[in-house]
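The primary structure of each chain is shown beneath.
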Amino acid sequence: MDRSEEVDNKAESLAELNEENKNQKASREFRNGVITGSLVAALLLIGIYAGSMAYQMYKVREARADVIESDESVINQDTLQKMKVIEDAIADYYYYEDNISYEGLQDGIYKGMVNSLGDPYSEYYSKEELEEVMSSNMGISYGIGAYISINKQMNMAMISGVMEESPALDAGLREGDIIYEVDGESTQGMSLTQVVSRVKGKENTNVHLTIYRESENDLLEMDIKRAKRLETTTVDYGMLEDTDQLGYLRIREFDSVTVDQFTEAMAELKGHGMKGMILDLRSNPGGDLAAVVEIARKILPEGLIVYTEDKAGNRKEYTGDGKREIDIPLVVLVNEYSASASEILAGAIQDYNKGTLIGTTTYGKGIVQQIQKLDDGTALKLTISAYYTPAGRNIHGIGIEPDIELEYDYEASENEGIDNQVEKAIEILEGKIE
């Protein structure tokens, strides 16, 4: 394909994106709030466990392939022979021989097994991907200083936030930008982990991003130099001007650093005489279960916060003692990109009638993933249970309906700088403050 054909194909794809964008109101909210991924594959409700059984069993069966007779295992004599036939055929006939990576072929086998489950939340991690996932869950970024998430309507990566004083900010990236390509490779169908692994890289090297922006007629091409380690700020806060002592606190995602950042933010807001608070969970994709539970303990009364059940019916409960229960009026902002851990917090607040939810129905991710580390430095992330709100609601595929349904006014935000959902929250809070 020559360059003119490539440009024509991109132009055609851009036209399709524009048409699709007009028909999808959800895309208007990409510039509102922050969907955060912190250049991370945010782990949605995971526990980290050491487990090498899968890898060990594979090595044992590989060594004893001649005695494997079970039809119940996918790893048997027939499959091992077929894998060898495919490997030999690639070695003998594949035209692009220089592109063959046997480590990549091995990873492809493992990824294929997990992908065959048809579960978008279960994944096989290579060594490099696991390192990125673990560092990101600690609130650390080594990339360009942007938050990345997946736009499920377009099935492509998108920028959901930009850090201050970062290469991404200097390059002109904005919240809501769709990452059409990374170094010439389309992000459509990629997992978040795969996109992040391509955007990240060695310090002072460049990554080329092709960006679709709703307000632009053409795709944008950007070369961005990767930076050294960046600490992620997951909590933004401040007192709202021209209000009767109302505080605003946004949680971008739930990482291990979020609890301390939340605690510090609450202390400062209370020190300024806060009498009512807006908790903004819009476009928060979730994160660490322990972090959201600890934050819930600083808000909710004594009792159940969330519980999980696995396929055997085993139940695990997470509770709070109510000693740090918030004692001021509270409004929680949510949208269709508020997912997982953010739904745990919003759902518990709603069940206890501890605050008013405003916005649109949340994403609907009510399942739990667990990471099992393997001996060779790789790992599996598998869905292992479902979670339930204190009232026993499983919201998977359903989401949480807000108490006050209010669509985000994109035009008011763009033209006047007005956040109509925040304005409604202020109205509700001022009506409750004595």
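Notes on the structure follow. (Residues numbered from 1 in each chain as written. Predicted model: local features only at pLDDT ≥ 70, side-chain atom pairs only at ≥ 80, totals over all residues. Heavy atoms only, no water.)

Glancing now at the overall build of the protein. Each helix and strand in the protein was counted, giving twelve helices and 20 strands. Out of the 434 residues belonging to the protein, those deemed buried represent 51%. By sequence separation, contacts in the protein at least 24 residues apart represent 71% of the contacts at least 6 residues apart. By element, 46% of the accessible surface of the protein is carried by carbon and sulfur atoms, the whole surface being about 21000 Å². (Helix = DSSP H or I, 4+ residues; strand = E, 2+ residues; numbered from the N terminus. Buried < 20%, exposed > 50% of the residue type's maximum accessible area, 1.4 Å probe, protein only. Contact = heavy atoms within 4.5 Å. Areas by Shrake-Rupley, 256 points an atom, 1.4 Å probe, with all protein chains shown as cover.)

What follows concerns the packing of aromatic side chains. Each aromatic ring pair is specified by the distance between its two centres and by the angle formed by the two planes. Taken as a whole and assessed by the stated rule, the structure comprises four aromatic pairs. An angle of 65 degrees between the planes, with centres 6.0 Å apart, marks the rings of Y94 and Y96 as edge-to-face. For Y94, a relative accessible area of 40% corresponds to the partly exposed category. Plain terms: the ring middles of Y95 and Y96 are 5.0 Å apart, the flat faces sit at 90 degrees to each other, and that makes the pair edge-to-face. With relative accessibility at 47%, the residue Y96 sits in the partly exposed group. Here a set of aromatic residues connected by ring pairs shows up, and it is made of Y94, Y95 and Y96. (Phe/Tyr/Trp six-rings, centres within 6.5 Å; stacked < 30°, edge-to-face > 60°.)

Our next topic: helix α10 (residues 341-351). In terms of burial, α10 is largely enclosed, as ten of its eleven residues are buried. All buried positions along α10 are accounted for by A341, S342, E343, I344, L345, A346, G347, A348, I349 and Q350. In this structure, the buried side of α10 is in contact with β13 (276-280), α9 (289-296), β14 (303-310), β16 (330-334), β17 (356-359) and β19 (379-388). Just past α10, the residue N353 takes up positive phi, approximately 55 degrees.

So, about the sheet that holds strand β11 (residues 235-239). Strand order in the open sheet formed by six strands is β11-β12-β13-β16-β17-β20, with mixed pairing between adjacent strands. Edge positions in the open sheet fall to β11 and β20 (404-405), since each of these has one partner strand only. Taken together, the four bridges between β16 and β17 define a ladder with parallel strand orientation. By the bridge assignment for β17, V332 is matched with L357. (Pairing = 2+ DSSP bridges.)

We now examine the nonpolar core. With 40 residues, the main nonpolar core has L249, M277, L279, I299 and L345 as its most contacted residues. Elements supplying a minimum of two residues to this core: β12 (246-251), α8 (258-271), β13, α9, β14, β16 and α10. If near-sequence neighbours (up to four positions away) are discounted, M277 is found in contact with G247, L249, M266, L269, I326, I328, P329, L330, V331 and L429. Judged by nonpolar contacts, the second largest core, of 21 residues, contains A146, I159, I179 and V199. (Core = buried A, V, L, I, M, F, W, Y, C linked by side-chain atoms within 4.5 Å.)

Looking now at the pattern of salt bridges. Summed over all chains, the structure comprises 15 salt bridges. Note that R324 and E294 form a salt bridge whose closest N and O atoms lie 3.4 Å from each other. Note that R324 is positioned in the loop between β15 (315-320) and β16 and E294 in helix α9, a separation of 30 residues in sequence. The closest approach of N and O atoms between R315 and E317, which form a salt bridge, is 2.9 Å. Look at R315 and you get partly exposed, because its relative accessible area is 44%. (Salt bridge = Lys/Arg side-chain N within 4 Å of Asp/Glu carboxyl O.)

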